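Okay, here's what each chain looks like letter by letter:
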Amino acid sequence: MNIIGDAASAIKAVWGDLTTPKEPTVYGGGGGGGGGFEMSPEELKTVIGLWEDELKKVSEDGMKIADILAELMPPGQDDASSSYVNSGVDSLLALQKQNDSMKVYIEGYIAKLEVARSKTMATDAANTLRTT
């Protein structure tokens, strides 16, 4: 049994390859001053899609965490083995709690972006009516 290799595999199963960072894409026209920014409905739709993709990944991570928890068993009947697994379970439960919290956050953020997109589309439609 290779405990370190097994742990590394479990981490990679949950978080993927962490050695290749991605450059984030910035959307919206920032201009400074006033603490606000503007996005077109198309930009908002793109951002919402990116957050929906993240929600899917976080949800998949949650399922992996649950699978690992379900399969985690002590390698032996001794106290040391049980203690090792109990520590692992405690850590995984904390990770699961964080994952659940992140899902709730992302779902709320998507809802706010959807409201902003609807308001932007309504404002754009009203402005179009005024100019025609």
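Reading the values: rules and limits
- Residues numbered from 1 in each chain as written.
- Predicted model: local features only at pLDDT ≥ 70, side-chain atom pairs only at ≥ 80, totals over all residues.
- Heavy atoms only, no water.
- pLDDT = per-residue confidence, 0-100.
- Helix = DSSP H or I, 4+ residues; strand = E, 2+ residues; numbered from the N terminus.
- Salt bridge = Lys/Arg side-chain N within 4 Å of Asp/Glu carboxyl O.
- Buried < 20%, exposed > 50% of the residue type's maximum accessible area, 1.4 Å probe, protein only.
- Core = buried A, V, L, I, M, F, W, Y, C linked by side-chain atoms within 4.5 Å.
- Polar contact = N/O pair within 3.5 Å; in protein donor to acceptor, adjacent residues only side chain to side chain.
- Contact = heavy atoms within 4.5 Å.
- Phe/Tyr/Trp six-rings, centres within 6.5 Å; stacked < 30°, edge-to-face > 60°.

Q: Is there a simple way to think about the confidence of the model for the protein in this case?
A: Interpretation of this model should avoid reading the predicted coordinates in detail wherever pLDDT is low. Of all residues in the protein, 71% have pLDDT values of 70 or greater, and the mean over the chain is 81. The secondary-structure element of the protein with the lowest mean pLDDT is helix α1 (residues 3-15), recorded at 60, while helix α2 (residues 41-71) shows the highest, at 94.

Q: Can you help me understand the pattern of salt bridges in this one?
A: Once the charged atoms of two side chains with opposite charge are near each other, the side chains can pair. Here the structure, examined in full by the defined rule, presents two salt bridges. The partner of Lys-57 in a salt bridge is Glu-54, with the nearest N and O atoms 3.2 Å apart. Within this pair, Lys-57 and its partner Glu-54 are both found in helix α2, separated by three residues, close to a single helical turn. When its relative accessible area of 36% is taken as the criterion, Lys-57 is described as partly exposed.

Q: Just to check I follow, could you spell out the nonpolar core for this structure?
A: The nonpolar side chains of a soluble globular protein tend to be buried, and buried together. One finds Met-39, Leu-44, Val-47, Ile-48, Leu-55, Val-58, Ile-106, Ile-110 and Leu-113 forming the largest nonpolar core, which totals nine residues. Those elements that place two or more of their residues in this core are α2 and α3 (79-131). Here this core takes five residues from α2, the largest share from any one element.

Q: How do you make sense of the side chain of Ser-81 when you look at a structure like this?
A: Within the secondary structure layout, Ser-81 lies in helix α3. Looking at Ser-81, its side chain comes within polar contact range of the side chain of Asp-78, at 2.8 Å. Sequence-distant contacts of Ser-81, that is, excluding residues within four places in its chain, are made with Pro-74, Pro-75 and Gly-76.

Q: Where do I start with the packing of aromatic side chains in this structure?
A: Two aromatic rings, taken as a pair, are described by how far apart their centres are and by the angle between their planes. Applying the stated rule across the entire model yields three aromatic pairs. Measuring from centroid to centroid gives 6.4 Å for Trp-51 and Tyr-105, while their planes differ by 65°, and the two rings are edge-to-face. Of this pair, Trp-51 sits in helix α2 while Tyr-105 sits in helix α3, and the two are 54 residues apart along the sequence. Of the residues examined, Tyr-105 reaches a relative accessible area of 47% and is grouped as partly exposed.

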